[in-house]
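Report on the structure
Here is how the chains run, residue by residue.
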Amino acid sequence: MTSKKIDTAEIAARARNIRRLIIEMLAAAGSGHPGGSLSATDLVACLYFGVMRHRPPEPFWEDRDRFILSKGHACPVLYAALAEAGYITHDLLSSLRRFGSPLQGHPDRRKLGLIEASTGSLGIGLSLGIGMALAARLRGSPSRTYVLLGDGECEEGQIWEAAMYAPHLKLGSLCAIVDFNRLQLDATVEEITDLQPLADKWRSFNWHVLEIDGHDYAQILDAFARAEQVTDRPTVIVAATVKGKGVSYMENQLKFHGSVPDKPEDIAKALAELGAGARS
Amino acid sequence: MIRRWKSPLELGMATREAYGRALAELGQENPRIVVLDADLSKSTYTSVFGKKFKDRFFDVGIAEANMCSMAAGLAAGGFIPFASSFASFLLCKGYEQLRICCAYMEFNVNFVGSHGGISLGEDGPSQQSIEDIALACSLPGFTVAVPADEVATAALVRAAAEHYGPVYIRVGRPRTAKIYAPGERFSFGRAKTLSDGSDVTVIANGLMVAVACEAAEIAERRGIDVRVIDCHTAKPLDEATIEIAAAETGAIVVAEEHLSRPGLGSLVAQAVGQRHPVPMEFVGIDDVFAESGTPEEILRAYGLTTEHILGAIDRVLGRKVKGAAAVDR
């Protein structure tokens, strides 16, 4: 997955597989967070299959790009991407949230050593990303660091401490992505703490800011390419997404932030919509 | 009788200054040492390192949470970070970051909290740290140390750099008495027995070690043979040394510049209760915030002087022999 030509058809197929795996593993677990996993799927698929330099047979390759899922509750998307990339087996996914499984309810690097960070307490990932990007710079490594944030997560103060400091360090190798799906646990983000104008907030902190449709592969890949070209300051990609994307009855539904359909027919409907039986 | 200190005790440098100097020395030896501070580098003395190693020093500004998580990210990238602020801000504002990024993620980060305790004086309770040890000890996997003087500080800072795992070290603002001769060796979890008396044990850390030494000499003149232990590491606690002291002296006083509940006093009480129950007394800060004043005024007002240790020795000896008053003197 290093220096190859990006194939959007492959990414689309991977994203479809990831969405299906998310539904399957959450159905097996009986609990978890489908909405934010599905909204972030296209972004994560682009990172793992088109953008990041990483080597699945060599997960601890020192110059690998780092990915931090700061919105840790969306871990099904991370686990599914790791399975698709060949880091873990597909069979393991059905152990999500079970006692003894490396696939904890929120990512835990003590249990799954190949992930970069344990997350689940919101607000922390961007600061960790600064530390990792800085470490790479001090080592003289070309490694880039990607941090996926939730929009609701941006209500945490630590995000803005980090947002203030990363441009000061001129950390061009750091790229934050805001999965702007406009829903959080209690209500819409607009109702809880209206973040708009979100892109302007980052701009005013001297970030290189890009606003895109987070489900459009061409836009996503172009944004990551442009991020890489700006080397004197960090980039944030504010990606407009749809919570529950890909499953008609989950889209934009608050309920599916943190709950899983319990009826087998609902699971079957979701999988059918995601093209079950046609694993690419 | 073991007697590791010279009498009378002579004043050395502040432990925070010893920390800054030790860091600069370590930075010379090890290019993986990186240092972070939150706009207090002149007070914490990390500026000594910062001046020498500009590219490995990050003053993140007044943003402790970001600093603590950034330090963890640097550790993930193979560096050995030391992050500093005032102990109160580091542990209270950074607690979640110490918990998630360092304890839970098992990243190798060292934190040094300066201006610990109430002896920083005039700045008052918002800056005084009376619960940092308890907070740090509550974090799984953390090593927690409170050095008594400059020699102990330099040795424990070096031990932190060599130890893999999160470490918290508390240092103080005022100059502290010299307890140890240069070259004294320290390791985490191995307390120092400073005198081997047999009537009662005083276990102390930080600047209360010097106070305990002075109290021991006065008690000795009154015919009480005091064992003094510098329990510089609160976690892991040297339970073996404490058990022997309980068994051989039959009475224990714990002295610390911190809340005694929960603090070193609570930790020692748990060890004593499990391994060899004996009467105990506690010299520490009661369940209150202190106030502004000179260090001497505050330490006196909040019960952290030689006289307070002597009083605790009397009380614990009174309980050592059931039904008897304090031992005859």
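These figures come from a predicted structure and were not determined experimentally.

Counting its secondary structure elements, chain B contains 13 helices and 14 strands. Taking 20 Å as the expected radius of gyration for a compact globule of 329 residues, we find that chain B reaches 19 Å, a close match to that expectation. In terms of its C-alpha atoms, chain B occupies a principal-axis envelope of roughly 65 × 40 × 35 Å. Across the 329 residues in chain B, those meeting the buried criterion constitute 64%. Partitioning the contacts of chain B with sequence separation of at least 6, the portion at a separation of at least 24 is 79%.

Residue and element names in this part refer to chain A. Running from amino to carboxyl end, helix H1 (residues 8-29) crosses helix H4 (residues 75-85) at an angle of 125 degrees, the nearest separation of the two axes being 9 Å. Judged on the interaxial angle alone, H4 and H1 are oblique. By crossing handedness, the relation of H1 to H4 is classed as right-handed. Contacts from Arg-14, Asn-17, Ile-18, Leu-21, Ile-22, Met-25 and Leu-26 in H1 reach Pro-76, Val-77, Tyr-79, Ala-80, Ala-81 and Glu-84 in H4. Taken together, the residues of the contact of H1 with H4 break down into ten nonpolar, one polar and two charged.

At the junction of the two partners, chain B supplies 25 residues and chain A supplies 24 residues. Summing both partners gives a buried area of about 2,000 Å² for chain B against chain A, and 66% of it is carried by carbon and sulfur. Of all residues in chain B, Asn-66, Tyr-104 and Met-105 of chain B give up the largest surface area on contact with chain A, accounting jointly for 28% of the area buried on that side. Where chain B touches chain A, the interface holds zero salt bridges. Here chain B is connected to chain A by eleven residue pairs in polar contact (both at pLDDT 80 or more).

Bringing the sheet that holds strand E14 (residues 280-285) of chain B into the picture now. All names here are of chain B. Ordered by their spatial adjacency, five strands build an open sheet running E9-E11-E10-E13-E14, and the pairing between neighbours is mixed. Each edge of the sheet is formed by a strand with only one pairing partner; in this case those strands are strand E9 (192-196) and E14. Geometrically, the sheet is characterised by an average inter-axis angle of 15 degrees between neighbouring strands, direction not taken into account. Bridge count between strand E10 (residues 200-204) and strand E11 (residues 226-230): five bridges; the pairing is parallel. Among the inter-strand pairings, Val-200 is bridged to a residue of E11, identified as Val-226.

Residues and elements named next belong to chain B. Here chain B averages 96 in pLDDT, while 97% of its residues score no lower than 70. For residues 323-329, every residue scores under 50 in pLDDT, and the model assigns this stretch nine contacts once sequence neighbours within four places are set aside. If you check the scores for this complex, the pTM reads 0.95 and the ipTM reads 0.94.

On the surface, Glu-122, Asp-123, Glu-291, Glu-296 and Glu-297 of chain B cluster together into a patch of negative charge. Mapped onto the elements, Asp-123 of chain B comes out in the loop between strand E5 (110-114) and helix H7 (132-137).

To continue, consider the pairing of strand E13 (residues 252-259) of chain B. Residues and elements named next belong to chain B. Most of E13 is tucked away: eight of the eight residues are buried. Pairing of E10 with E13 involves four bridges; the strand directions are parallel. When the sheet's bridge partners are listed, Val-202 is paired in E13 with Val-253. As paired strands, E13 and E14 are joined by five bridges and run parallel to one another. Within the sheet, the bridge partner assigned to Val-253 lies in E14 and is Glu-281. In the classification by handedness, the crossover that spans E13, the intervening helix H11 (residues 264-275) and the parallel E14 is right-handed.

Right, let's get into the packing of aromatic side chains. In the structure shown here, the tally under the stated rule is ten aromatic pairs over all chains. Between Trp-160 of chain A and Trp-202 of chain A, the aromatic rings sit 4.9 Å apart at their centres with planes inclined by 45 degrees, giving tilted as the arrangement. Of this pair, Trp-160 of chain A sits in helix H6 (residues 157-168) while Trp-202 of chain A sits in helix H8 (residues 198-204), and the two are 42 residues apart along the sequence. In this structure, Trp-160 of chain A and Trp-202 of chain A share a single accessibility class: buried. Note on Trp-202 of chain A and Trp-207 of chain A: the rings are 4.9 Å apart at their centroids and 80 degrees apart in plane angle, and the pair reads as edge-to-face. Per residue, the accessibility class of Trp-202 of chain A equals that of Trp-207 of chain A, and both read buried. Linked through ring pairs, Trp-160, Trp-202, Phe-205 and Trp-207 of chain A together constitute an aromatic cluster. When the ring centre of Phe-53 of chain B is taken as origin, the NZ or CZ atom of Arg-56 of chain B, which lies over that ring, is 4.5 Å away. Positioned above the aromatic ring of Phe-186 of chain B is the side chain of Lys-192 of chain B, whose terminal nitrogen or guanidinium carbon lies 4.7 Å from the ring centre.

Rules used in this analysis
- Residues numbered from 1 in each chain as written.
- Chains lettered and ligands numbered in written order.
- Predicted model: local features only at pLDDT ≥ 70, side-chain atom pairs only at ≥ 80, totals over all residues.
- Heavy atoms only, no water.
- Helix = DSSP H or I, 4+ residues; strand = E, 2+ residues; numbered from the N terminus.
- Rg over C-alpha atoms; globule rule 2.2 N^0.38 Å.
- Buried < 20%, exposed > 50% of the residue type's maximum accessible area, 1.4 Å probe, protein only.
- Contact = heavy atoms within 4.5 Å.
- Axes fitted to C-alpha atoms, helices over the stretch in contact; angles between N-to-C directions.
- Parallel < 35°, antiparallel > 145°, perpendicular 65-115°, else oblique.
- Left-handed = near helix turned anticlockwise from the far one by under 90°.
- Nonpolar A, V, L, I, M, F, W, Y, C, P; charged D, E, K, R; others polar.
- Buried area = accessible area lost by both parts, 1.4 Å probe.
- Salt bridge = Lys/Arg side-chain N within 4 Å of Asp/Glu carboxyl O.
- Polar contact = N/O pair within 3.5 Å; in protein donor to acceptor, adjacent residues only side chain to side chain.
- Pairing = 2+ DSSP bridges.
- pLDDT = per-residue confidence, 0-100.
- Patch = residues over 30% accessible without salt bridge, like charges linked within 9 Å, V, L, I, M, F, W, Y side chains within 5 Å.
- Areas by Shrake-Rupley, 256 points an atom, 1.4 Å probe, with all protein chains shown as cover.
- Lys, Arg positive; Asp, Glu negative; His and termini not counted.
- Charge placed at Lys NZ, Arg CZ, Asp CG, Glu CD.
- Right-handed = clockwise from strand over helix to strand, strands pointing away.
- Phe/Tyr/Trp six-rings, centres within 6.5 Å; stacked < 30°, edge-to-face > 60°.
- Lys NZ or Arg CZ within 6 Å of the ring centre and 35° of its normal.

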